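# Summary of the model geometry
Each chain, letter by letter, is given below.
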Amino acid sequence: MKLDLLGSRRRTHYCGHLRPSHAGQKVFLAGWVARRRDLGSIIFLDLRDHTGVTQVVCRPEISAEAHHKAEDVRAEFVVGVEGEVVARTPDTVNPQIATGEVEVLAHRLLILNEAKTPPFPLDDEGRTSEETRLRYRYVDLRRARLQHHLRLRHRAAMAVREHLAGHGFVEIETPFLTRSTPEGARDYLVPSRVHRGHFYALPQSPQLFKQILMIAGFDRYFQIVRCFRDEDLRADRQPEFTQIDIEMAFPIREELFNIVEELIEKLFALVEVRVQRPFLRLPYGAAMERYGSDKPDTRFGLEWKLLTCPPELAEKLQLAALKALRVPKEAGMSRAQLDKLQELARTAGADWFSYAKVGQEALQSPLSKLSGDDVLQRLAGQVEARAGDLVLFLALKNSDTSDGGPPLPALRRLDEASGEIRLELARKLELLNSKTWNFLWVTDFPMFEYDPAEKRFAAMHHPFTSPREEDFDKLEFDPATVRARAYDLVLNGSEIGGGSIRIHRGDIQQRVFRVLGLTPEKARERFGFFLDALEYGTPPHGGIALGWDRLIALMCGESNIREVIAFPKTASAVDLMCDAPSSVEPEQLRELGLRLVE
């Protein structure tokens, strides 16, 4: 097939912009053929670009050449059309598309490039596997839905820059090639050819660089930055991801919260969602007790309550802690459904599960024979149960770790089990309203959490988070109770940001390293450059990082962040389009001083 040249022609309009007001105008459109319909004496082409679709009509009496060329056109051919915009007759108007009141009579048709038959139809996404979509991502990205998502992502990024610059923040790029600081997820390592046997690491975040920028006198910094973590993936995680990184010196937490809330309000206005401010503040302990999660979904009620357990019941069952949940108007739940909840409770970490169904005059419960109606009534009364309600009970029989470590903070195991039960009930009862947007700040996290496998404490956020000043004296003697000046931003059960006020004193940083099991020598080896910087007048500072991919996915109504990333990896960290990661030539390995070991 002989292809045409574009030459000096320039597109006069986009396909999705034509309206009745353009009737009579001469236009030049360019794009992809979405569909071709051949009626013999007339051929229709649906011409598509990122703005939409326009119907092009090829008639031999208007242009025999254009009609003849249209016979050879197939789906996804790239074409240009010179022609006249005309109004459709009332009986041919297509109300399903924005341009449905007009069409273009082709005076000239240019075939700019041909295309193989697409591996899948672009208008039937449901039947195409994700693997096929990712392998042919350049075709998949032509879909209107993905075009919308990535263009919204662009507009949102522009709004971020405008908002933060308006508050005095400066956008500064930080290095991608840095040193490995293995504290948290695994680093991606990059071998150096010049310094054989030495490695750079791709940054898991710009954490130390942004803190150093505060030391350097840049009071307010931000960056829309790529980060890298070599870890197992899931729907909302990728080996490379993007975050909005924000840091400020001399911070007042409420000022930072206000700046971020204003930003979120502006971003969600792009999708016509009105955000209610100020966001709710909820301490970590209350979140875990009431919702069983440090990223609670507050679109629905179903709040757990830690009960005062009657001594007779606690003694009989050897209960260390007891929680209850009132489920309104669900006393009719079947035994099979309750058995499923019991199995979920056990697999999630609870030691004991039971229930009570509240009738008009009495309670029905497996506990009746064991505890008596009086004890059961007192338990139901603590959650203000009413006739027709179902009350669920979860308990922990032993709050100590089995390996002799310290007690799990805030009855973590019981709380996490209660959170699983709560979400399962929400799904079953269809309480997850997709049109409700509940933001909240979770604050006052524990500074440390005990790692039974390592038999040591680990930082719940990261080791540069500041403890609460009133807890400094507990660092060496009772680290399990030390609270951090950390906070997370949560939306509908998804963590979309995390941050903290940082450690700005070298002595406190060294004490935190000791709690984490880092000797002065090991701390110096890993973080020596940062410890040196802390000695040169470090101001108090703090900030936050917002998960950009996750935030955009929620704005677009997507559950998987791959739907808002142009070229994502699969769940096994493979780029199917580029076939990466791939093997390299032996010469490249030799040049780097590397060899593969089976």
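Residue positions are given per chain, counting from 1 as you read along its sequence in written order. For this predicted model, a pLDDT threshold of at least 70 governs which residues receive local features, and a threshold of 80 or more governs which side-chain atom pairs are given and counted, while totals over whole chains, interfaces and linings are taken from all residues. The basis for every side-chain value is the complete set of non-hydrogen atoms in the structure, without hydrogens or water.

### What about the overall build of the protein chain?
Helix and strand definitions here come from DSSP, where helices need a minimum of 4 consecutive H or I residues and strands a minimum of 2 consecutive E residues; each element is numbered from the N-terminal end. Check the secondary structure of the protein chain and you find 16 helices and 22 strands. Summarising its shape, the C-alpha atoms of the protein chain cover approximately 95 × 75 × 55 Å along the three principal directions. Burial classes follow relative accessibility: with a 1.4 Å probe on protein chains only, a residue under 20% of its type's maximum area counts as buried, one over 50% as exposed, and anything between as partly exposed. Across the 598 residues that make up the protein chain, the buried fraction comes to 46%. Throughout, a contact is declared for two residues whenever any of their heavy atoms are within 4.5 Å. Long-range contacts, defined as pairs at least 24 residues apart, comprise 68% of the intrachain contacts of the protein chain with a sequence gap of at least 6. Accessible surface for the protein chain amounts to roughly 29,800 Å². Of this, 50% is attributable to carbon and sulfur atoms. The averaged location of the 88 negative side-chain charges in the protein chain is 2 Å from the averaged location of its 82 positive side-chain charges. Accessible surface area values rest on a Shrake-Rupley calculation with a 1.4 Å probe, where residue burial reflects the displayed protein chains alone. When charges are tallied, Lys and Arg are placed among the positive residues and Asp and Glu among the negative ones, while His and the ends of the chain are skipped. All charge positions are set by atom: Lys at NZ, Arg at CZ, Asp at CG, Glu at CD.

### Considering the packing of helix H4 (residues 144-166) against helix H6 (residues 253-269)
Lines fitted to C-alpha atoms define the axes, with helix axes restricted to the stretch in contact, and inter-axis angles between N-to-C directions lie between 0 and 180 degrees. In the contact formed by H4 and H6, the axes pass within 10 Å of each other and the chain directions differ by 145°. For H4 against H6, the interelement crossing comes out right-handed. Across from Ala-156, Ala-159, Val-160, His-163 and Leu-164 in H4, the residues of H6 making contact are Ile-259, Glu-262, Leu-263, Lys-266 and Leu-267. Crossing handedness: left-handed means the near helix sits turned counterclockwise from the far one by under a right angle, and right-handed means the same turn made clockwise.

### Remarks on the packing of aromatic side chains
We call Phe, Tyr and Trp rings a pair once their centres come within 6.5 Å, taking the six-membered ring for Trp, and we label the pair stacked below 30 degrees between planes, edge-to-face above 60, and tilted otherwise. Here the structure, examined in full by the defined rule, presents 15 aromatic pairs. Measuring from ring centre to ring centre gives 4.8 Å for Phe-279 and Phe-439, while their planes differ by 10°; the resulting arrangement is stacked. With Phe-279 in the loop between H6 and strand S11 (280-283) and Phe-439 in strand S17 (residues 439-443), this residue pair connects regions lying 160 residues apart in the sequence. Phe-439 matches Phe-279 in its accessibility class, with the two residues each being buried. With 5.1 Å between their ring centres and 15° between their planes, Phe-513 and Phe-527 make a pair best called stacked. Taken together, the positions of Phe-513 in helix H13 (residues 506-515) and Phe-527 in helix H14 (residues 520-534) put the pair 14 residues apart, joining distant regions of the chain. Put simply, the rings of Phe-268, Phe-279, Trp-437 and Phe-439 pair up and form one aromatic cluster.

### With respect to the sheet that holds strand S16 (residues 390-396)
A pair of strands is treated as paired once DSSP finds two or more bridges between them. With antiparallel pairing, the five strands of this open sheet are ordered in space as S12-S13-S16-S14-S15. Single-partner strands in this sheet number two, and they are strand S12 (304-306) and strand S15 (363-364). Where S12 lies against strand S13 (residues 321-327), three bridges are found, and the strand directions are antiparallel. For Leu-306, the partnering residue across the bridge sits in S13 and is Lys-323. Against the sheet, helix H9 (residues 335-348) engages strand S14 (352-358) and S16, with an angle of about 150° to S14.

### Description of the sheet that holds strand S1 (residues 26-38)
Within the closed barrel, the five strands sit side by side as S1-S2-S3-S5-S4. Their pairing is mixed. On average, each strand axis in the sheet is inclined to that of its neighbour by 55°, with strand direction left out of account.

### What to know about the environment of Gln-204
Within the element layout of this structure, Gln-204 appears in the loop between strand S8 (199-202) and helix H5 (207-215). In this structure the C-alpha to C-alpha distance between Gln-204 and Cys-227, which are 23 residues apart in sequence, comes to 5.1 Å. Among the polar contacts listed, one links the side chain of Gln-204 to the side chain of Asp-187, at a separation of 2.6 Å. Counted as a polar contact is a pair of N or O atoms within 3.5 Å, where, for protein atoms, one must be capable of donating a hydrogen and the other of accepting one, and residues adjacent in sequence contribute only when both atoms are in side chains.

### Description of H6
Spacing of three or four residues puts side chains on the same side of an α-helix, whose turn is 3.6 residues. Between the first and last residue of a helix there are one fewer steps than residues, each counted as 1.5 Å, and that sum is the expected span. Taking 1.5 Å as the rise per residue, H6 with 17 residues should run 24 Å; its terminal C-alpha atoms sit 24 Å apart, in good agreement. For H6, the full list of buried residues reads Leu-256, Phe-257, Ile-259, Val-260, Glu-261, Leu-263, Ile-264, Leu-267 and Phe-268.

### What to know about the environment of Lys-305
Within the element layout of this structure, Lys-305 appears in strand S12. Relative accessible area serves as the criterion here: at 38%, Lys-305 is assigned to the partly exposed category. Lys-305 sits 78 residues away from Val-383 along the chain, and the two C-alpha atoms are 7.1 Å apart. In contact with Lys-305, other than residues within four places in its own chain, are Leu-322, Lys-323, Ala-324, Gln-382 and Val-383. Of the polar contacts made by the side chain of Lys-305, one reaches the backbone oxygen of Gln-382; its length is 2.9 Å.

### Notes on H4
In this model, H4 (23 residues) spans 33 Å end to end at C-alpha, consistent with the 33 Å of a helix rising 1.5 Å per residue. Of the positions making up H4, those classed as buried are Leu-146, His-149, Leu-152, Arg-153, Ala-156, Ala-157, Ala-159, Val-160, His-163 and Leu-164. Contacts from the buried residues of H4 go to helix H2 (130-135), helix H3 (137-140), strand S9 (220-228), strand S10 (240-249), H6 and helix H15 (548-555). Positive backbone phi, at 85°, marks Gly-168, one or two positions downstream of H4.

### Observations concerning unusual backbone geometry
Following Arg-277, the chain continues to Pro-278 via a peptide bond in cis, the omega torsion being -5°. Structurally, Pro-278 can be placed in the loop between H6 and S11. The omega angle of the peptide bond from Ala-580 to Pro-581 is 5°, so this bond is cis rather than trans. One can find Pro-581 in the loop between H15 and helix H16 (586-592). In this structure, Glu-384 is a non-glycine residue whose phi angle is positive, near 55°. By the element assignment, Glu-384 lies in the loop between helix H11 (373-382) and S16. Residue Glu-384 is classed as exposed on the basis of its relative accessible area, which comes to 57%.

### Here's the deal with the confidence of the model for the protein chain
Confidence scores here are pLDDT values: one per residue, from the predictor, ranging 0 to 100. On average, residues of the protein chain carry a pLDDT of 93, and 97% of them reach 70 or more. Low pLDDT, under 50, characterises residues 400-406; the stretch is placed with nine contacts to residues that sit more than four places away or in other chains.

### Some thoughts on a nonpolar patch on the surface
Nonpolar side chains (Val, Leu, Ile, Met, Phe, Trp, Tyr) are joined into patches within 5 Å and like charges within 9 Å, using only residues with over 30% relative accessible area and no salt bridge. Every case where a carboxyl oxygen of Asp or Glu lies within 4 Å of a side-chain nitrogen of Lys or Arg is listed as a salt bridge. A cluster of nonpolar residues, Phe-176, Leu-177 and Tyr-200, forms a patch on the protein surface that exposes about 270 Å² of accessible area. Considering the arrangement of structural elements, one finds Leu-177 in the loop between strand S6 (170-171) and strand S7 (188-191). For Leu-177, a relative accessible area of 46% corresponds to the partly exposed category.

### Points about the pattern of salt bridges
Enumeration over the complete set of coordinates arrives at 52 salt bridges. Between Arg-142 and Glu-76 there is a salt bridge whose closest N-O contact spans 2.7 Å. Separated by 66 residues along the polypeptide, Arg-142 in the loop between H3 and H4 and Glu-76 in the loop between helix H1 (64-70) and strand S4 (78-87) bring together distant segments of the chain. Residue Glu-312 pairs with Arg-378 through a salt bridge whose shortest N-O separation is 2.8 Å.

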